Amino acid sequence: MKKTLALVNAVGLLIGISYGLHNPIVPIFAKNEIGASYADLGFIGLANFVPYMFIPLFVGVMLHRFNNAKILSFGIIINSASTFLLSQVNSVAEIMVLRALTGVAHAFFWPPAESIISNSGTESRVKNIGRFTGFFVSGFMIGPLAGTFLLDGLDMTYRMIFEVSTFVTAAAIIFSIQLVKRGLPQQSPEFTFSVVRQMARFPQVITILIFYASSFGMILTIYPAFLNDRSMSATEIEMLFFVFGVSRVATLASTEKLARRTSLTLIASTLCISAGLLISFYSDSIFGFGAAMLLMGFGFSIVFPLTLEIILRQTKKETAGIVIGAYETTFGIGWAVGPVTAGLISEFSGNSMPYLVFFGIGIAVFVFSVIKRKALEPVPN
């Protein structure tokens, strides 16, 4: 199992580097070179994440029928193609199509990785999921730093960055092929919607996930353009996402310790995200945005492994894949809602207003989480 986990972590690292390299650039590229408005950016984000509202559930069913590593490899291949084609686009519509394809690819990447890791045993699962996320986030931290060097040091264009990112993604296939040789097909349980409805047993977790995912979607798809309008250069934006990555990696390194106080950690993460959004609303300097990124880095990192552990603790092993798919679908709903909402608010009420609106929502979620604190603790084995 150790070698399997090492291979999954290597895949996560490379995909993270690719994402960190090109994701912060996409909104700036769309706005400055293609002429996209904030509303357009919102719809590009919506196109990116809408597939994640539906496909993870389908993938969750597949996880019990096919070799998980083959599904993972398929996702990497789609990701490579969609990233490369970004370097050829000339319209908002073309970007939307390719971002939708990226959303499909992500649905074939993340749930299989989670499923492979979830077989590592109940006692070490939260640590291993946190570690995998840490490798992915480390890549997401390295990527912007590499992007800064490529943009300034080698004077590359945005389109060339997309091409470099493609090669990094494609390199992950080397490790996923090794996983295919080691992976085993899963037993196929009978699919019923009662399994999917298990997610409805966790309203407190769903509330946090929707806020987390919608805010995160906004940061990934709208925030870079907002920073650019606040006089941040592409290089400075890449550096801010590097700071974001450092905060996330440092947080994930403490996953095991933080998991001992799950409810308090989740409540604190909601407050940190909200505080980062409020600082973003008022800030106009790289130092202010850096502080916001540090706070949000903590909040956006720890929610994922802890909420997944809460749900898997109350899920039978033979239906874990389907439940993981339903869990990721919940993410998809938030990811789709966040960018389009933020884009429309930016277009009609000012580009800083989404961060104030989402801050208010975050405070409401924080209060709700405090009231329902007991429901945010994992059930003992």
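Residues numbered from 1 in each chain as written. Predicted model: local features only at pLDDT ≥ 70, side-chain atom pairs only at ≥ 80, totals over all residues. Heavy atoms only, no water.

Draft legend 1. Up close: the packing of aromatic side chains. Under the criterion given, the structure shown has 24 aromatic pairs. Taking 5.7 Å as the distance between ring centres and 55 degrees as the angle between the ring planes, the aromatic pair formed by Tyr 212 and Phe 300 counts as tilted. Highlighted residues: Tyr 212 in helix H11 (residues 203–221) and Phe 300 in helix H16 (residues 286–312), separated in sequence by 88 residues. Since its relative accessible area comes to 4%, Tyr 212 is described here as buried. For Phe 300, a relative accessible area of 0% corresponds to the buried category. Ring centres of Phe 226 and Phe 289 lie 6.0 Å apart, and the angle between their planes is 90 degrees; on these two criteria the pair is classed as edge-to-face. Of this pair, Phe 226 sits in helix H12 (residues 223–229) while Phe 289 sits in helix H16, placing them 63 residues apart in sequence. Residue classification places Phe 289 among the buried positions, given a relative accessible area of 0%. One aromatic cluster is present, built from ring pairs that chain together Tyr 19, Phe 109, Trp 110, Phe 132, Phe 136 and Phe 140. (Phe/Tyr/Trp six-rings, centres within 6.5 Å; stacked < 30°, edge-to-face > 60°. Helix = DSSP H or I, 4+ residues; strand = E, 2+ residues; numbered from the N terminus. Buried < 20%, exposed > 50% of the residue type's maximum accessible area, 1.4 Å probe, protein only.)

Draft legend 2. Highlighting the packing of helix H1 (residues 2–22) against helix H7 (residues 110–118). One can describe the packing of H1 onto H7 by two numbers: an axis separation of 10 Å at closest approach and a directional angle of 155 degrees. In terms of their interaxial angle, H1 and H7 are classed as roughly antiparallel. The chirality of how H1 crosses H7 is left-handed. Within the contact between the two elements, H1 uses Thr 4, Leu 5 and Val 8 and H7 uses Ala 113, Ile 116 and Ile 117. Looking at the contact of H1 with H7, its residues break down into five nonpolar, one polar and no charged. (Axes fitted to C-alpha atoms, helices over the stretch in contact; angles between N-to-C directions. Parallel < 35°, antiparallel > 145°, perpendicular 65-115°, else oblique. Left-handed = near helix turned anticlockwise from the far one by under 90°. Contact = heavy atoms within 4.5 Å. Nonpolar A, V, L, I, M, F, W, Y, C, P; charged D, E, K, R; others polar.)

Draft legend 3. View of the nonpolar core. Tyr 212, Tyr 223, Leu 277, Met 296 and Phe 331 are the most contacted members of the largest nonpolar core, which has 111 residues in total. When residues in this core are grouped by element, the largest group, 13 residues, is from H16. Setting aside residues no more than four positions away along its own chain, Met 296 makes contact with Ile 219, Tyr 223, Phe 244, Cys 272, Ile 273, Gly 276, Leu 277 and Ser 280. (Core = buried A, V, L, I, M, F, W, Y, C linked by side-chain atoms within 4.5 Å.)

Draft legend 4. Local environment of the environment of Gly 343. Along the chain, Gly 343 falls in helix H17 (residues 320–349). Along the chain, Gly 343 and Leu 46 lie 297 residues apart, while their C-alpha atoms are 9.6 Å from each other. Ignoring anything within four residues of it in the chain, the contact list for Gly 343 reads Tyr 38, Ala 39, Gly 42 and Ile 222.

Draft legend 5. Summary view of the pattern of salt bridges. Within the structure shown, the criterion is met by two salt bridges. A salt bridge links Asp 229 to Lys 31; its shortest N-O distance comes to 3.2 Å. With a gap of 198 residues between them, Asp 229 in helix H12 and Lys 31 in helix H2 (residues 25–34) connect regions that are remote in the sequence. (Salt bridge = Lys/Arg side-chain N within 4 Å of Asp/Glu carboxyl O.)

Draft legend 6. Geometry of the environment of Arg 131. Mapped onto the fold, Arg 131 is located in helix H8 (residues 122–153). Residues Arg 131 and Ile 28, spaced 103 residues apart in sequence, show a C-alpha to C-alpha distance of 31 Å.

Draft legend 7. Geometry of the environment of Ile 322. Note on placement: Ile 322 falls in helix H17. The exposure class of Ile 322 is buried, given its relative accessible area of 1%. C-alpha separation for the pair Ile 322 and Pro 111, spaced 211 residues apart in sequence, amounts to 9.4 Å.

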